[in-house]
Amino acid sequence: MRRAIIVGAGIGGLAAAVSLRRAGWAVQVVEQAASPRELGFALALAPNALKALRELGLEQKVVPQGIAVKAFEVRSRGRVIKRVDFRGEAIQSVVLLRPALHGTLLAEVGGDVLTLDRRVESLDELDADVVIGADGVASAIRRALHPAEPPARPSGYHALRGVSYDAGDRLGTADAVVYLGDGVEIGFARASTTAVYWYVSLLDEFAIGNTASIVERCLAGLDETAASIARAARPDDVRLDRLFFRKPISDWGRGRVTLLGDAAHPMLPHTAQGAAQALEDAVALGLALRGSDVAAALRRYERVRAPRTAAVVRTGPRIAAMTTTRSPLRIAFRNALVHLTPARALSMALNLHARDPHRALRDE
């Protein structure tokens, strides 16, 4: 049986392990951490992510652990400027805690394929028919493949992310709420029956001081109910990160080695597509590696995935420039656009990623 080594036991790496095993490969997942526990808070699974989970045979195991977004609101200066209601329609997206998805993937893969507490520094130490670098934004595999690539550059934004437990009843009739302010964007979404995931996108100039003071600064002017959700989070359940941007590349790998997920195409969280694109990568990899010529299969995988993920990566800064801005003109244009766009058009926009991105691989 052909053997694949996957470096990284995050969502993308474990999804790749599931996909390759379904394609008949023996897999080993190497993880530098001593525990496979998934760090992070929550994520939104758009229609394309749900479709990828369906192809991996996991949709029915994952979706019940989250909250389907049936209604969401966009608010500015304390008033609702748009409400979209999906009740009675097919599921548009699901929000769930990251450990729920990661735990499901881990259970599907099984602990026997994991090698923990092992840091990979060189491709030479990996003996397999295929090596998949799924080791995140600071990927050692990517550095080995592209040693001359410049480092990621600061994006101009920070992100505050947190989870507040026992707060699931504070969003009223909406499952998700987005507040658009001056230099900040704040979002809340139910992630389980009791938990609310929240995030703040803010300009670098606002990220001064300790995390608690930054949270309070961003919450100023928010309605008290929404602010109380963020304040309910324990300090250990809140994290501040500086966000970086890396230009997309098309030649992800060479020979028997390729990349997947954030190692291949790190993207700003404003796209809400990080996990979705990693899941799509995993599905595409399994489809490509049905063939006997491994190197040729990996290049086909890259030709299909690189243009699609590059488009999403480039969208991130454009979204951030509209949602997280201090420009009075952009703020006015943004709010008017949200207010005037029909709800049905917003619903269709959420489905832009739902079409089959891998038809070329299926037809081969």
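Residues numbered from 1 in each chain as written. Predicted model: local features only at pLDDT ≥ 70, side-chain atom pairs only at ≥ 80, totals over all residues. Heavy atoms only, no water.

Asks: So what's going on with the nonpolar core? Which residues, and what values?
Replies: Core analysis: the largest hydrophobic core is formed by 68 residues, its most contacted members being Leu-45, Leu-101, Ile-141, Leu-279, Leu-285 and Leu-289. The element best represented in this core is helix 8 (residues 274-288), accounting for nine residues. Other than its neighbours up to four places away in sequence, Leu-285 contacts Ala-16, Leu-20, Ile-132, Thr-258, Leu-260, Leu-298 and Tyr-301. Among the nonpolar cores identified, the runner-up in size contains 26 residues, and Ile-186, Leu-219, Leu-222 and Val-238 belong to it. (Core = buried A, V, L, I, M, F, W, Y, C linked by side-chain atoms within 4.5 Å. Buried < 20%, exposed > 50% of the residue type's maximum accessible area, 1.4 Å probe, protein only. Helix = DSSP H or I, 4+ residues; strand = E, 2+ residues; numbered from the N terminus. Contact = heavy atoms within 4.5 Å.)

Asks: With reference to specific residues and values, describe the packing of helix 1 (residues 11-22) against helix 8.
Replies: At their nearest, the axes of helix 1 and helix 8 sit 8 Å apart, and the two run at 25° to each other. Here helix 1 is positioned roughly parallel relative to helix 8, judged by the angle of their axes. Seen along the crossing, helix 1 lies across helix 8 with a hand that is right-handed. Along the contact surface, helix 1 presents Ile-11, Gly-12, Ala-15, Ala-16, Ser-19 and Leu-20, while helix 8 presents Ala-278, Leu-279, Ala-282, Val-283, Leu-285 and Gly-286. For the contact of helix 1 with helix 8, the per-class residue count stands at nine nonpolar, three polar and no charged. (Axes fitted to C-alpha atoms, helices over the stretch in contact; angles between N-to-C directions. Parallel < 35°, antiparallel > 145°, perpendicular 65-115°, else oblique. Left-handed = near helix turned anticlockwise from the far one by under 90°. Nonpolar A, V, L, I, M, F, W, Y, C, P; charged D, E, K, R; others polar.)

Asks: Pulling in residues and values, what's your account of the sheet that holds strand 11 (residues 176-180)?
Replies: In spatial order, the strands read 6-5-11-12-13-10-14; together these seven strands make up an open sheet with mixed pairing. Two strands lie at the open edges of the sheet, namely strand 6 (79-85) and strand 14 (238-245), each paired on one side alone. The mean inter-strand angle of the sheet, taken between neighbouring strand axes irrespective of direction, is 15°. Here strand 11 runs beside strand 12 (residues 184-190); their pairing, made up of five bridges, is antiparallel. Looking across to strand 12, one finds that Val-177 is bridged to Phe-188. Strands strand 5 (71-76), strand 6 and strand 11 of the sheet are contacted by helix 10 (residues 328-340), whose axis makes an angle of about 40° with strand 6. (Pairing = 2+ DSSP bridges.)

Asks: Pulling in residues and values, what's your account of the pairing of strand 11?
Replies: Regular strands place their side chains on alternate faces of the sheet. Extensive coverage of strand 11 is indicated by the burial of five of its five residues. The side-chain alternation of strand 11 yields two buried faces, one formed by Ala-176, Val-178 and Leu-180 and the other by Val-177 and Tyr-179. The sheet contact formed by strand 5 and strand 11 spans four bridges and is parallel. If you follow Arg-75 over to strand 11, its bridge partner there is Tyr-179. In sequence, strand 11 turns back onto strand 12 through a hairpin of three residues, with Gly-183 there showing a positive phi of about 85°.

Asks: Describe in detail the sheet that holds strand 9 (residues 130-133), supporting the description with residues and values.
Replies: Read across the open sheet, the five strands follow the order 8-2-1-9-15; overall the sheet is parallel. The open sheet has two edge strands with one neighbour each: strand 8 (114-115) and strand 15 (257-259). Pairing geometry for strand 1 (residues 3-7) and strand 9, over four bridges, is parallel. Paired with Ile-5 across the strands is Val-131, a residue of strand 9.

Asks: How would you sum up empty space enclosed by the protein? Please name residues and give values.
Replies: Sizing a probe to match a water molecule and rolling it over the atoms shows the empty space that remains. Taken as a whole and judged by the stated rule, the model has two cavities of 30 Å³ or more. One number sums up the size of the second largest cavity: a volume of about 50 Å³. Considering the residues around the second largest cavity, the lining is formed by Arg-142, Arg-246, Lys-247, Pro-248, Ile-249, Trp-252, Ala-264, His-265, Pro-266, Thr-309, Ala-310 and Val-313. Examining the composition of the lining of the second largest cavity, we find that three residues originate from one element, helix 9 (residues 294-323), more than from any other. (1 Å grid on protein atoms, 1.4 Å probe; cavity = no way out; pocket = protein on both sides within 12 Å on 5 of 7 lines; lining within 4 Å. Points joined across faces, edges and corners; volume = space filled by probe spheres on them.)

Asks: Give a description of helix 1 that names residues and reports values.
Replies: When the terminal C-alpha atoms of helix 1 are compared, their 17 Å separation across twelve residues agrees well with the 16 Å that a helix rising 1.5 Å per residue should span. Most of helix 1 sits inside the fold, with ten of its twelve residues counted as buried. Turning to helix 1, its buried residues number three or more, namely Ile-11, Gly-12, Gly-13, Leu-14, Ala-15, Ala-16, Ala-17, Val-18, Ser-19 and Leu-20. Contacts from the buried residues of helix 1 go to strand 1, strand 2 (26-30), strand 3 (42-45), helix 4 (98-109), strand 8 and helix 8. A positive phi of about 95° marks Gly-24, the residue just after helix 1. (Expected span 1.5 Å × (residues − 1).)

Asks: How would you summarise the packing of aromatic side chains if you had to cite specific residues and measurements?
Replies: Tallied over the full model, the rule gives four aromatic pairs. Between Tyr-197 and Tyr-199, the aromatic rings sit 6.3 Å apart at their centres with planes inclined by 35°, giving tilted as the arrangement. The exposure class assigned to Tyr-197 is buried, which follows from its relative accessible area of 14%. Its relative accessible area of 23% is what places Tyr-199 among the partly exposed residues. (Phe/Tyr/Trp six-rings, centres within 6.5 Å; stacked < 30°, edge-to-face > 60°.)

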